[in-house]
Each structure stands twice: as C-alpha cells, then as structure tokens.
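The primary structure of each chain is shown beneath.
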Amino acid sequence: MRLNAWLARAGVASRRKADELIKAGRVTVNGEPGQLNTFVQRTDDVRLDGHPLEKQRLAYVLLHKPTGVVTTASDPQGRKTVVELVDLPTRVVPVGRLDASTSGALLLTNDGALAHQLAHPRYEIDKVYEVETWRQPTDAQLDELRRGVILDDGPTSPADVRRTDGARFELTIHEGRNRQVRRMVEAIGHRVKTLHRSQYAHLTLEGLEPGAWRELEPSDVERLRAAKRDPQPRARRRGRAGSAPA
C-alpha cells in the first residue's frame, strides 16, 4: 500500500495531508524517511514524529445525515461535521458529499480503494432522492428529467422519476456532480424546497433516525464490492458522473 494511503488507514490524516507530512520528513518507514512513492508492507515499522503507528481496521458506516451538518472532516466555520457524528475509534471519511441543507444516506469509510471505485462513473451507483419543490412540476417537466437536461457542465444522464404527491417526486440518478439534483430541478424551471437522499446503492435508512448511524454488515460490503466489480451496462444512460454534493 502506498504510504499516504497507509497513513490515511492509520487515521493520521487524509491522503492529501499525509503527503504534506511525508514531504516535511515527519514520517519514517523502517527508520528511513518516507517518500511519496514509498510502499508499505504489513510488517514495516511506520512512525510519525518518532511515534509508532498501526494501520486501523477497515470500517464502513451508513449515516442518516441531518440537515445543517456539513459533509467534511473539519469545517473552518465551526459547523458540525458528519465525521463528528460517527463515534468510532477508526477514522472514517465520507464517500462523496451531501450539501448542508440536504439530508439522507451517506456512506463513510476508510477503505480508500472501495470509495474510489464507488465514486467512479463507470459503475453507475444509483442514488435515490426525495425531492420537494415550491410549485408542482408538470408531467412534461418531469419527462425532461427522465430524458436528461442540459447543465452548464454538460448534459445529465436520463433519470428515473416517480411523482409521489403533487410537488414531491422521487429522482434516481447515478451521477454526482456539484449540487446536481438542485441544478436539474432549476433546469426545468423549479427550485428545491427540501431534498433527502433515501438510498445509496442498495443501502436504505430503515431504522436510522437523523444523526444516527450503523456499521455495515459484511454482506452489505460484499454487495458494494460486487457493484464495483460487475458494473451493468445501461444503454439508456449516458453523460458524466462524479462524486460531489446533491
């Protein structure tokens, strides 16, 4: 495992901040200064400022993110973060983002490889959102979402849309551009009143109140791994994807 990833697994810092620690000469591997291209073996002695480190166990958490909480590990404005809500000895970080005014299902983990794969456009991980707008959209406007709309960073893939009640509808996408759902709704002439992500991949929030979390069962993790191993081609879907706030 590359040294910066190993430090992230040890709960020291994000990979980017780990690179800074390595460049500053604060990390040693078997008594030698670590380098950005250093790879760490299971038996290697890794130290930060002379203190020995141990790689933490892999952890996978599903959080019911409340509104008003930011999806980051720390916030310069002092707002509560999703990482503060998860009480684990193992440091976990969010996979993708939900903006502060969006609630719902958020995955956190220290498994960088899986997180990277889940965010990759190739694997088309479905995210289901419950959307409420200030005015009731027409059937024709919802059809626009089904076909895909044009945003300033390019066309979206077609979405699954199901009206649930007047100005409320369920929207399923597999992309994750910055504020994508809100911008898609604006593209059809409406504004979001409330936004909630009810499902991420196969994971739902059943039994989880806002602010509550649970560690995933091994079977959940295997299903996520299977999703990244065996992506299913979807001819009806096209466009760019990523991992940013809804």
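Residues numbered from 1 in each chain as written. Predicted model: local features only at pLDDT ≥ 70, side-chain atom pairs only at ≥ 80, totals over all residues. Heavy atoms only, no water.

Below, the discussion takes up the pattern of salt bridges. The full count for this structure, using the stated rule, is 15 salt bridges. Between Asp220 and Arg214 there is a salt bridge; the shortest N-O distance is 3.2 Å. The buried category is assigned to Asp220, whose relative accessible area is 11%. Within this structure, Asp152, Asp153, Glu175, Arg177 and Arg183 form a network of salt bridges that share partners. (Salt bridge = Lys/Arg side-chain N within 4 Å of Asp/Glu carboxyl O. Buried < 20%, exposed > 50% of the residue type's maximum accessible area, 1.4 Å probe, protein only.)

On to the nonpolar core. As a rule of thumb, soluble globular proteins bury nonpolar side chains together. Residues Leu108, Tyr129, Val131, Leu145, Phe169, Leu171 and Val181 are the most contacted members of the largest nonpolar core, which totals 30 residues. Sorting the residues of this core by element identifies β5 (60-65), α3 (82-85), β7 (103-109), β8 (127-133), α5 (139-147), β12 (168-173), α6 (180-187) and β13 (192-200) as the ones contributing at least two each. With near-sequence residues (within four places) excluded, Leu145 lies in contact with Pro158, Ala159, Val161, Phe169, Leu171, Met184 and Ile188. In this structure, Ala105, Ala115, Ala201 and Val221 belong to the second largest nonpolar core, which totals 18 residues. (Core = buried A, V, L, I, M, F, W, Y, C linked by side-chain atoms within 4.5 Å. Helix = DSSP H or I, 4+ residues; strand = E, 2+ residues; numbered from the N terminus. Contact = heavy atoms within 4.5 Å.)

Before going further, it helps to examine the confidence of the model for the chain. Looking at the chain as a whole, the pLDDT averages 89, with 93% of positions reaching at least 70. Counted against residues more than four places away or in other chains, residues 233-242, with its pLDDT under 50, gives 30 contacts. (pLDDT = per-residue confidence, 0-100.)

Moving on to the pairing of β13. Sheet analysis places β7 next to β13, joined by two bridges and oriented parallel. Within the sheet, the bridge partner assigned to Gly104 lies in β13 and is Arg197. Strand direction decides the pairing type here: β8 and β13, joined by seven bridges, are antiparallel. By the bridge assignment for β13, Glu132 is matched with Thr194. Where β13 and strand β14 (residues 203-204) come together, two bridges link them in antiparallel fashion. From the neighbouring strand, Gln199 faces β14, where its bridge partner is Thr204. In this structure, the hairpin formed by β13 and β14 is closed by a connection of two residues, where Ala201 is found at a positive phi of approximately 55 degrees. (Pairing = 2+ DSSP bridges.)

On to helix α2 (residues 15-23). When α2 is considered as a whole, its buried residues turn out to be Ala18, Leu21 and Ile22. An end-on view of α2 places all buried positions within 100 degrees of arc, on one side of the element. Within α2, the exposed residues directed more than 90 degrees away from the buried face are Arg16, Glu20 and Lys23. Where α2 is buried, its residues touch α1 (3-9), β1 (27-29) and β3 (46-48). (Arc of directions from axis to C-beta.)

Our next topic: the pairing of β8. Buried residues dominate β8, accounting for six of its seven residues. Relative to β12, β8 runs antiparallel, the two sharing six bridges. Directly across from Tyr129, in β12, lies its bridge partner Leu171.

Inspection of the secondary structure assignment puts Asp139 in helix α5. In this structure Asp139 comes out as exposed when scored by relative accessible area, which is 54%. Residues Asp139 and Glu215, spaced 76 residues apart in sequence, show a C-alpha to C-alpha distance of 39 Å. Once residues lying within four places of it in the same chain are set aside, the contact partners of Asp139 are Arg146 and Arg163.

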